Amino acid sequence: MDNQSQSTQGTSQLDATLNALQGGLANAAGAAGPNIAGWIKTLQGNQQLSGISSELQNLHDALTSGATDTGALSKSLSTLGEHTTKAASSATPDAQDKLRQLGQALSSAATQLKG
């Protein structure tokens, strides 16, 4: 896959993730498993984003285990929000704004979970 099609795929993944999160956490939960798995696959091999990839794996494991520890989920979402916001600065111009929005949405979701 060349960089252009990879970038397009990543951008459509960003759109799908943002749409899921904008509906609130309850809305996002149903799509979370496949969405997270897709991101882990997309980020594989990218050393700059390995922190995001490993945190996504933590979140995926927590969700698939049926864990109800909202504190752990909140912490994971918060970490992902921070990493995603930082990653925006080195992203392609078409992805920067979406990554910033995603970082804010993840941080907001973490805050919602904390109650």
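Structural data are supplied above this passage.
Conventions adopted
Residues numbered from 1 in each chain as written. Predicted model: local features only at pLDDT ≥ 70, side-chain atom pairs only at ≥ 80, totals over all residues. Heavy atoms only, no water. Helix = DSSP H or I, 4+ residues; strand = E, 2+ residues; numbered from the N terminus. Buried < 20%, exposed > 50% of the residue type's maximum accessible area, 1.4 Å probe, protein only. Contact = heavy atoms within 4.5 Å. Salt bridge = Lys/Arg side-chain N within 4 Å of Asp/Glu carboxyl O. Polar contact = N/O pair within 3.5 Å; in protein donor to acceptor, adjacent residues only side chain to side chain. Expected span 1.5 Å × (residues − 1). Arc of directions from axis to C-beta. Lys, Arg positive; Asp, Glu negative; His and termini not counted. Axes fitted to C-alpha atoms, helices over the stretch in contact; angles between N-to-C directions. Parallel < 35°, antiparallel > 145°, perpendicular 65-115°, else oblique. Left-handed = near helix turned anticlockwise from the far one by under 90°. Nonpolar A, V, L, I, M, F, W, Y, C, P; charged D, E, K, R; others polar.

Each helix and strand in the protein chain was counted, giving five helices and zero strands. In sequence order, the protein chain lays out its α and β elements as α-α-α-α-α. Counting across all 115 residues of the protein chain, residues that qualify as buried make up 36%. Across the protein chain, the fraction of contacts at a sequence separation of at least 24, relative to all contacts at a separation of at least 6, is 58%.

This brings us to the pattern of salt bridges. As a working rule, side chains carrying opposite charge can pair if their charged atoms are close by. This structure, assessed with the given rule, holds two salt bridges. Aspartate 97 is the salt-bridge partner of arginine 100, the closest N and O atoms lying 3.3 Å from each other. Here arginine 100 pairs with aspartate 97, and both are found in helix α5 (residues 93-114), just three residues apart, close to one helical turn. Looking at aspartate 97, the relative accessible area reads 51%, which means it is exposed.

Okay, the environment of alanine 109 next. As for its placement among the helices and strands, alanine 109 is situated in helix α5. For alanine 109, a relative accessible area of 4% corresponds to the buried category. For the pair alanine 109 and leucine 77, spaced 32 residues apart in sequence, the C-alpha to C-alpha distance is 6.9 Å.

What follows covers the side chain of glutamine 13. Relative to the helices and strands, glutamine 13 is located in helix α1 (residues 3-22). The buried category is assigned to glutamine 13, whose relative accessible area is 14%. Among the polar contacts made by the side chain of glutamine 13, one reaches the side chain of threonine 42 at a distance of 2.6 Å. If near-sequence neighbours (up to four positions away) are discounted, glutamine 13 is found in contact with Gly38, Trp39 and Thr42.

It is worth spelling out helix α4 (residues 70-88) at this point. Relative to the 27 Å expected for 19 residues at 1.5 Å per residue, α4 spans 27 Å between its end C-alpha atoms, a close match to the ideal helical length. Those residues of α4 lying buried are Leu73, Ser74, Ser76, Leu77, Leu80, Gly81, Thr84, Ala87 and Ala88. Burial along α4 is one-sided: seen end-on, the buried residues are contained in an arc of 160°. Seen from the open side of α4, the exposed residues pointing more than 90 degrees away from its buried face are Lys75 and Lys86.

To continue, consider the side chain of glutamate 55. Relative to the helices and strands, glutamate 55 resides in helix α3 (residues 50-64). We note that glutamate 55 is buried and unpaired, the nearest opposite charge coming from lysine 75 at a distance of 6.5 Å. Discounting residues that sit within four places of it in the chain, glutamate 55 has contacts with Ser76, Thr79 and Leu80.

So, on to the packing of α3 against α4. Between α3 and α4, whose axes approach to 10 Å, the crossing angle comes to 155°. With respect to each other, α3 and α4 are oriented roughly antiparallel. α4 is crossed by α3, and the crossing has left-handed handedness. Two secondary-structure elements touch here, α3 through Gly51, Ile52, Glu55, Leu56, Leu59, Ala62 and Leu63 and α4 through Leu73, Ser76, Leu77, Thr79, Leu80, His83, Thr84 and Ala87. The class makeup of the residues in the contact of α3 with α4 is nine nonpolar, five polar and one charged.

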